[in-house]
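The residues making up each chain are set out below.
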Amino acid sequence: MGRINICVKWAFIFVCVLIGIISTLLLAITLFGHGYAHEAEEIEEILPGIVILYVLEAATLVLSILGVYGARKEKKWAVVLFSVGMSLASLYLFVECVKAYHSKNEMEELTREEHLAMMPLSGAKQKDIQRIYNMQTNFKCCGLVQGYQDWGTDIPISCICSDEDSTDFKCVAPGNNTRFVIHYPKSNTSKDDDHKGLMDEHMLVYEEPCLPILISVESYAISLGLGVFVALTALWDIGVALAITILCQMRRKVNVPPVIFTSQPPQYRELCDTAESV
């Protein structure tokens, strides 16, 4: 069996350790996201994707351990398993990245249609209202398309622009016929008792609608995720290339100088015999 180049060996071990660390972190993030989605009651929609992430991350973690073991102990079978497994994982992730890139516009359009179906907001379901409230609080916006006008005359207090926010966000004064209301979407009260009016003509509301901001954030998140997965695919490919290099070095035979045996007696005996005859 050939000798593995020490530089290639430790470079491969470093890449395997890095893959293992990243896989562990992604596994922890997936577990956290699983728990968050379960609490938000959205687990049925994303459960297949979560299962695939679990399998992919656990598999790459195991393969990274096999790669380190194969390089340290010079076990050919372990390096072969690493190269084959990581090649398949890299190919699968690359295909999924291409699919996600081509469906990016479709996903944005789906988000737009899903939220436009909530219009008019004055008659939206309580579950949808809660989602919009959270969006308005997080993104500092109001309404979906036309700003506070989407709420009609009853504007939720999540649209109110505070004095601190007025310096960083665009705020406007609503019309005189509007009022601010507090909704209680999770209460068991009747629809007429679900809000409390607050009249104050000096209050300001966020000018920007939420739907364009939401689509922009989702587009950025998709692009960022694609960038991360492409970089991860490149790292896996580097590991596969180093594994193939190690396998080639294992198959290369080491040149050993030949050992020649002879049956002729030593030359000094011949000299001694010649001297005795003289």
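Residues numbered from 1 in each chain as written. Predicted model: local features only at pLDDT ≥ 70, side-chain atom pairs only at ≥ 80, totals over all residues. Heavy atoms only, no water.

Looking up the protein in an unreviewed UniProt entry gives the name Tetraspanin, with the organism given as Hucho hucho. UniProt lists a comment for the protein under the heading Subcellular location (unreviewed entry), and it reads "Membrane". (UniProt positions renumbered as here; feature names shortened; annotations may be inferred.)

Draft legend 1. Molecular detail of the UniProt feature "transmembrane region" (unreviewed entry) in the protein. Taken from the UniProt record, the annotation "transmembrane region" (unreviewed entry) applies to residues 12–34, 46–70, 77–95 and 220–247. Taken end to end, residues 77–95 is 100% helix and 0% strand, and its first and last C-alpha atoms sit 27 Å apart. From the first C-alpha to the last, residues 220–247 spans 41 Å; its make-up is 100% helix and 0% strand. (Helix = DSSP H or I, 4+ residues; strand = E, 2+ residues; numbered from the N terminus.)

Draft legend 2. View of unusual backbone geometry. Cis geometry is found at the peptide bond from Met119 to Pro120, where omega equals -10 degrees. Mapped onto the elements, Pro120 comes out in the loop between helix H4 (104–116) and helix H5 (126–139). Backbone geometry at Glu74 places phi at a positive 55 degrees, although glycine is not the residue there. Summarising the element assignment, Glu74 is placed in the loop between helix H2 (43–73) and helix H3 (76–102). Positive phi values are uncommon outside glycine, yet Lys140 reaches one of about 55 degrees. Turning to its location among the elements, Lys140 is positioned in the loop between H5 and strand E1 (154–156). For Lys140, a relative accessible area of 26% corresponds to the partly exposed category. (Buried < 20%, exposed > 50% of the residue type's maximum accessible area, 1.4 Å probe, protein only.)

Draft legend 3. Geometry of the state of the cysteines. All told, the structure shown has three disulfides when counted by the stated rule. Disulfide partner of Cys142: Cys159, at an S-S distance of 2.2 Å. On the S-S bond that ties Cys142 to Cys159, the torsion sits near 85 degrees, and the link is right-handed. Taken together, the residues span a long stretch of sequence, with Cys142 in the loop between H5 and E1 and Cys159 in the loop between E1 and strand E2 (160–161) at a distance of 17 residues. Neither Cys142 nor Cys159 differs from the other in exposure class; each is buried. Here the protein pairs its bonded cysteines, counted in sequence order, in the arrangement 1-6, 2-3, 4-5. (Disulfide = S-S within 2.5 Å.)

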